[in-house]
Amino acid sequence: MLNLSLNKSLYSVMALLVLILGLGLMAPSTFAADDQSSKQQASMSDADMWRAVKAGEAGESTDKRLESNVLINVAGNQGKIVRDTYVKPAIVLSVLGVFGAFLVFYFVNGPSKLSHGFSGKMVERWSKADIWLHWVMAIACLILMVTGIFIMIGRHFLAPYIGEGLWAAIIAFSKFAHDWSGIVFIVSWLLCVIKWMPLQTFKLYDLKWFLVVGGYINFGPFKGKHPDSGFANAGEKMWFWTLTIFGLFISVSGLMLVLPTLELPREASMIALLVHGVSAVILIAFTIVHIWMATVLSEGGMECMVSGYCDENWAIQHHNLWYDEIKANGTLKYKD
Ligand code: HEM
């Protein structure tokens, strides 16, 4: 009886030992297999994870601010490609292309002279407030254009030819001047749009102005044409409305870019950057045309924004309907 139970116990101990031994022998291989599969899994998920990161996928972060769970923002890179491929060359074209085209036009066509010369009688055209408004807006706009060009493409045409220190100083100053003259531009632009809008509504006769290119062509069938024009001619109206529309785009997008407190998603910032660049291309092109017209192409035109008065013959030739109107309603005022 004792023998039987001893045998039973011995069998149990033996069985337990075999089990432990078996487990012991099996364990390393089992754990190794587990380890291998988990390693494989880890390397698979690493690749997947980086693929997702590069595709701009969001992960987990304890920082709950906007997009702090996104390591690589795809919109940022895509926007940069569009800007480098299209907007930068377009800026170069709008500066050199438009300037060059007008230079050629000036040498081929010559300026638009006053058919009857200067009369010497000066007619009031702009108030002192208008002149101030124009020059504050114009100077702010010109500073924005020059500093904006440095910021966008200065690293290509300027940085390689000057020292690093000078380039750093130029770009730091450009950024400072760009931000602050932006505020001056927005305020003066808004006042200008509100104050001058009533003078700039398109009329049917403006179509004819476009058809004869404003009477500025000095040869062929266009020569000597003086199309009807009110206070502003059709070309000036087009300039005003371009400035109004793209001035709005450039101002809103500029504010979106310069105010970090807005906490915009990267996509919105990138769209703002592109809208800002495209608006700049258009405004730069039109500004160069405007300056050419005012300074060299239209004889007697510049005086309007210097003294506020224009020669009577200039008024009759370039703005006949306005001249007739102020003469008829008694608001025509000569310089003393
Ligand atoms: C050196 C630069 C500039 C010069 C010499 C200049 C000259 C002039 C002149 C002479 C006029 C009066 C035209 C007239 O009475 O019919 C004028 C009007 C005007 N300018 Fe300028 N300007 C310059 C820059 C700018 C800039 C940068 C802007 C825009 C930000 C601008 C916007 C305007 C507008 C909106 C008008 C009134 C619209 C019109 O009737 O033409 N100007 N400018």
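Predicted model only: the values in this text are computed from it and were never measured. (Residues numbered from 1 in each chain as written. Predicted model: local features only at pLDDT ≥ 70, side-chain atom pairs only at ≥ 80, totals over all residues.)

**Q** Pulling in residues and values, what's your account of the overall build of the chain?
**A** Along its length, the chain carries 10 helices and 2 strands. Going from the N terminus to the C terminus, the chain shows its helices and strands as α-α-β-α-α-α-α-α-α-β-α-α. Scored against the burial criterion, the 336 residues of the chain give a buried share of 19%. A separation of at least 24 residues holds for 73% of the contacts in the chain among residues at least 6 apart in sequence. (Helix = DSSP H or I, 4+ residues; strand = E, 2+ residues; numbered from the N terminus. Buried ≥ 20, exposed ≤ 12 C-beta atoms within 10 Å, placed from the backbone. Contact = placed C-beta atoms within 7 Å.)

**Q** I'd like to hear about the site of the ligand, residue by residue, with values.
**A** In the vicinity of the ligand lie 21 residues, with Ala 138, Cys 141, Glu 236, Ala 294 and Cys 304 positioned nearest. Only α3 (128-157), α6 (234-258), α7 (266-297) and α8 (304-307) provide two or more residues apiece to the shell around the ligand. Class assignment of the residues belonging to the shell around the ligand gives a composition of 14 nonpolar, 5 polar and 2 charged. (Near = placed C-beta within 6 Å. Nonpolar A, V, L, I, M, F, W, Y, C, P; charged D, E, K, R; others polar.)

**Q** Could you give me a rundown of the environment of Phe 150, with the residues and numbers involved?
**A** For Phe 150, the location among the structural elements is in helix α3. Classification of Phe 150 as buried rests on a count of 21 C-beta atoms within 10 Å. As for Phe 150 and Lys 175, which are separated by 25 residues in sequence, their C-alpha atoms are 9.1 Å apart. Those residues in contact with Phe 150 that sit more than four places away from it in its chain are Leu 158, Ile 170, Ile 171 and Ser 174.

**Q** Got a sec to walk through the nonpolar core? Specific residues and values, please.
**A** If you look at the biggest cluster of nonpolar residues, it comprises 19 residues, and the most contacted ones within it are Met 137, Cys 141, Phe 185, Ala 280, Val 281 and Ile 284. Not counting the four nearest positions on each side in its chain, Ile 284 is found in contact with Ile 91, Ser 94, Val 95 and Met 145. Val 123, Cys 310, Trp 314 and Tyr 323 belong to the second-largest nonpolar core, a separate cluster that totals 8 residues. (Core = buried A, V, L, I, M, F, W, Y, C linked by C-beta atoms within 7 Å.)

**Q** Residues and numbers for the environment of Asn 73, please.
**A** Residue placement: Asn 73 occurs in the loop between α1 (2-54) and α2 (74-109). A residue is classified by how many C-beta atoms lie within 10 Å of it, and Asn 73, with 16 of them, is partly exposed. Considered as a pair, Asn 73 and Gly 56 are 17 residues apart in the sequence and their alpha carbons are 5.1 Å apart. In this structure, Asn 73 is in contact with Gly 56, Glu 67 and Arg 266, ignoring residues within four places of it in sequence.

**Q** Hey, could you go over unusual backbone geometry for me, with residue numbers and the actual values?
**A** Although it is not a glycine, Val 213 sits at a positive phi angle of roughly 50 degrees. One can find Val 213 in the loop between α5 (205-211) and α6. For Val 213, a count of 13 C-beta atoms within 10 Å corresponds to the partly exposed category. Non-glycine residue Glu 263 carries a positive phi angle of around 50 degrees. If you trace the backbone, Glu 263 turns up in the loop between α6 and α7. For Glu 263, a count of 10 C-beta atoms within 10 Å translates into the label exposed.

**Q** Tell me about helix α4 (residues 164-196), and please be specific about residues and values.
**A** In this model, α4 (33 residues) spans 45 Å end to end at C-alpha, consistent with the 48 Å of a helix rising 1.5 Å per residue. Of all the residues in α4, the buried ones are Ser 181, Gly 182, Phe 185, Ser 188, Trp 189 and Cys 192. Of the surrounding elements, those touching the buried residues of α4 are α3 and α6. (Expected span 1.5 Å × (residues − 1).)

**Q** Mind laying out the packing of α3 against α7, listing which residues take part and the relevant values?
**A** Between α3 and α7, the least distance of the axes is 11 Å, while the angle of their chain directions is 130 degrees. The pairing of α3 with α7 is recorded here as oblique in orientation. The interaxial crossing formed by α3 with α7 has left-handed handedness. Here Cys 141, Met 145, Gly 148 and Met 152 of α3 lie close against α7, whose contacting residues are Gly 277, Ala 280, Ile 284 and Thr 287. Its residues placed into classes, the contact of α3 with α7 shows 5 nonpolar, 3 polar and no charged. (Axes fitted to C-alpha atoms, helices over the stretch in contact; angles between N-to-C directions. Parallel < 35°, antiparallel > 145°, perpendicular 65-115°, else oblique. Left-handed = near helix turned anticlockwise from the far one by under 90°.)

**Q** Give me the lowdown on the packing of α2 against α7, citing residues and values where you can.
**A** Interaxial distance between α2 and α7 falls to 10 Å at its minimum, and their mutual angle equals 5 degrees. In terms of orientation, α2 lies roughly parallel with respect to α7. In the contact of α2 with α7, the residues fall into 23 nonpolar, 4 polar and 3 charged.

**Q** A description of the confidence of the model for the chain should follow, citing residues and the corresponding values.
**A** Confidence in the prediction of the chain, expressed as mean pLDDT, is 88, and 87% of residues score 70 or more. A low-confidence stretch, residues 23-34 (pLDDT under 50), is modelled with 0 contacts involving residues beyond four sequence positions or located in other chains. (pLDDT = per-residue confidence, 0-100.)

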